[in-house]
Amino acid sequence: PDQTQQRERFVREARAAARIIHPAIAVVHDVDPEAGWLVMELVEGQSLREVAAKGPLEPRLVRVIAAQVLAGLVAAHAGGVIHRDIKPSNIIIGDGNRVKLVDFGVARLMDADMTRTGEHLGTPAHMAPEQVRGGEPDARTDLYGLGATLYELVTGTRLIAFESPNEATMQRLEAACKDPTLSKLIARCLQADPDARFPSASAALEVLSTVRL
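Everything in this summary refers to the structure shown in the same document. Being a predicted model, the structure only gives us computed values, none of them experimental. Once a new chain begins, its residue numbering starts again from 1 and follows that chain's sequence as written. Totals for whole chains, interfaces and linings use every residue, but because this is a predicted model, local features are given only for residues with pLDDT of at least 70 and side-chain atom pairs only at 80 or more, for both listing and counting. Remark: hydrogens and water are excluded; side-chain values derive from all non-hydrogen atoms of the structure.

Section: the overall build of the protein
Alright, step 1. Secondary structure counts use DSSP, requiring at least four H or I residues in a row for a helix and at least two E residues in a row for a strand, with both numbered from the N terminus. Check the secondary structure of the protein and you find eight helices and seven strands.
Alright, step 2. Three labels apply to residues, based on accessible area from a 1.4 Å probe with only protein chains included: buried if under 20% of the type maximum, exposed if over 50%, partly exposed otherwise in between. When burial is assessed residue by residue, the protein has 50% of its 213 residues classed as buried.
Alright, step 3. If you take every contact in the protein between residues at least 6 apart in sequence, the share linking residues at least 24 apart comes to 65%.
Alright, step 4. Every accessible area reported is derived by Shrake-Rupley at a probe size of 1.4 Å, with residue values counting cover from the shown protein chains alone. On the protein, roughly 10,200 Å² of surface is accessible, and the fraction owed to carbon and sulfur atoms is 51%. Residue contacts are counted whenever heavy atoms from the two residues lie within 4.5 Å of one another.

Listed below in structure tokens is the structure:
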């Protein structure tokens, strides 16, 4: 896109993000369409990238993180916004294990055709297969990014493959995660076929609160 289209996309998405008020999402206070900047809530804490660098997290904490991120995604998706770049560095954890989802820099409105097919926006290590192929993302795309993030937190290993986890990958997950519900949730979020993932963040959140899938 040319600069005018990029600015238009930035403004629309920033304003959409500003309308989303949720404890797990950093608030966007203001946006300047001419300068191309936005003012966002100052979030104190560490990114999950920094936390994960110290080693795998306990499944109990990963569940706490997952529940908060999913709740935030429920709010974002209800507001018509897909984040499209869910990864450890875009999730901040602070006091009391409170989580904030930040950086809607590549987010897009669900009903806006602001991104040309074939554009790859996102971070490769956490991109869903449909993003890699340049296809049309939807709410389930964020679930893949979350699955890749949770996998990394549980196992201490980054998932690079853009396909469904193979047997070795699942064995590593199950060995590291003693929480069957969490491991199954991660595996389902990581399915290559969007139709095989949870249909929505709310569906995944509901499952996380149950004993089993």
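A closer look at the pattern of salt bridges
Alright, step 1. Salt bridge, as used here, is a side-chain nitrogen of Lys or Arg placed within 4 Å of a carboxyl oxygen of Asp or Glu. Under the defined criterion, the tally for this structure stands at seven salt bridges.
Alright, step 2. Among the salt bridges present, the one from Glu 152 reaches Arg 158, with a minimum N-O distance of 3.9 Å.
Alright, step 3. Each of Arg 49, Glu 152 and Arg 158 takes part in one network of salt bridges that share partners.

Considering helix α7 (residues 180-189)
Because each turn of an α-helix spans 3.6 residues, side chains separated by three or four positions end up pointing in the same direction.
Alright, step 1. Among the ten residues in α7, seven count as buried, and that is most of the element.
Alright, step 2. Every buried residue of α7 is accounted for by Thr 181, Leu 182, Ser 183, Leu 185, Ile 186, Ala 187 and Cys 189.
Alright, step 3. Tucked inside the fold, the buried residues of α7 contact α3 (59-78), α5 (139-155), α6 (167-176) and α8 (201-208).
Alright, step 4. Identification of polar contacts relies on pairs of N or O atoms within 3.5 Å, with a donor-acceptor requirement for protein atoms, meaning one able to donate a hydrogen and the other able to accept it, and with residues adjacent in sequence counted only if both atoms are side-chain atoms. Of the residues flanking the start of α7, the one acting as N-cap is Asp 179, its side-chain oxygen 3.1 Å from the backbone nitrogen of Thr 181.

Focus on the environment of Pro 23
Alright, step 1. As for its placement among the helices and strands, Pro 23 is situated in the loop between α1 (3-18) and β1 (28-32).
Alright, step 2. With 77 residues separating them in the primary sequence, Pro 23 and Lys 100 have C-alpha atoms 7.2 Å apart.
Alright, step 3. Excluding residues within four positions of it along the chain, Pro 23 makes contact with Val 99 and Lys 100.

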